[in-house]
Amino acid sequence: MHSMEFLPRQDLLTLEELAELADALIARGVRRIRLTGGEPLVRRGIVGLVEAIGQHIGNGLDELTMTTNATQLATVARDLHRYGIRRLNISLDSLDHERFRAITRRGDLDQVLAGIAAAQDAGLAVKINMVALKALNEDEIGTMVGWCGERGFDLSLIETMPLGAVEEDRTNHYLPLDLVKRRLAREYVLIPSLHRTGGPARYYDVAETSRRIGFITPLTDNFCAGCNRIRISATGTIFGCLGRDQRIELRDAMRVGGRDAIDAALDAVMTAKPLRHEFDIARSQPAVERHMNVTGG
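Please read all numbers here as calculations on a predicted model, not as lab measurements. (Residues numbered from 1 in each chain as written. Predicted model: local features only at pLDDT ≥ 70, side-chain atom pairs only at ≥ 80, totals over all residues. Heavy atoms only, no water.)

S.K.: I tried to follow the environment of Gly29 on my own but got confused; where do I start?
M.R.: As for its placement among the helices and strands, Gly29 is situated in the loop between helix 1 (15–27) and strand 1 (32–35). You can call Gly29 partly exposed: its relative accessible area is 41%. (Helix = DSSP H or I, 4+ residues; strand = E, 2+ residues; numbered from the N terminus. Buried < 20%, exposed > 50% of the residue type's maximum accessible area, 1.4 Å probe, protein only.)

Quick look at the structure:
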């Protein structure tokens, strides 16, 4: 078992530094930025960061999005929309209250559902992210497809990855999504979609719901060659790939060298971005920090 640990404030990039980093990325041609976590909405001042980055939308930045667990969303959904966010990825692994609490260790499903409702009321598009977990929620996946369809949500299913975890190693709950897709095909008509992003999901249109379902399969289908994303942690570590030990520490260099240091670090990580990851379900990798996800054009 692992406990949540909070880093000293000086180890984190300030919100001003994150805004400066976003400016540098946009200047280099990054067209989409996603704020993620952990949980980004627990960071004090996060709405101000959304406002600062959102000012670039239409002027170098095509889109600003966020991944959230929705626990804090009810109070800030309208502000997120006001400052430029138009869609959210919301993590939701179960629609059963007791099971949700068990998976999240402390989560309140009603609080999450209230956040989702507030996002809809604010005019934010919602995509649900569900990690498929053997013996934990695999019997709910079909239900989740229908639930999302009724509410107009797209759904992404994600294979659990051997990255380590905050509370529990989920390797024993690995569920291959090719099996999940075969099961869903007995209940729904899944039509390969032409929809593409720069990320890892492969999409299908669900005929019965007129919504999309994405399959993110790092273990059964290596997707690295088609991924154009880098990830930057709250401490300033840049990752070109979470499946390799490919990282560059930016924080201290940035504080001394400014924009030149940022550019040098980005040059290094982008030119070394791998064609394949090294995930292996047979062995667990060391845990990595939660990330601010930055997406290229």
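Text resumes after the structure shown.
S.K.: Before we go on, may I ask you to explain the environment of Glu208 in this structure?
M.R.: Along the chain, Glu208 falls in the loop between strand 7 (202–206) and strand 8 (211–216). Along the sequence, Glu208 and Leu190 sit 18 residues apart, while their C-alpha atoms lie 8.9 Å from each other. Within the structure, Glu208 has its side chain in polar contact with the backbone nitrogen of Val189 (distance 3.0 Å). (Polar contact = N/O pair within 3.5 Å; in protein donor to acceptor, adjacent residues only side chain to side chain.)

S.K.: Explain the pattern of salt bridges to me, please; I cannot follow it from the model alone.
M.R.: In a structure, side chains of opposite charge can pair up when their charged atoms sit close to one another. Tallied over the full model, the rule gives 15 salt bridges. Residue Arg183 is joined to Glu138 by a salt bridge in which the shortest nitrogen-to-oxygen separation is 2.7 Å. Of the two residues, Arg183 is situated in helix 7 (residues 177–184) and Glu138 in the loop between strand 4 (125–132) and helix 6 (141–151); the sequence distance between them amounts to 45 residues. Here Arg183 falls in the partly exposed class, since its relative accessible area comes to 34%. A salt bridge links Arg251 to Asp252; the shortest N-O distance between them is 3.1 Å. Among the ionic contacts, a cluster of salt bridges with common partners joins Arg28, Asp263 and Asp267. (Salt bridge = Lys/Arg side-chain N within 4 Å of Asp/Glu carboxyl O.)

All quantities given are derived from atomic positions and should not be read as evidence of function.
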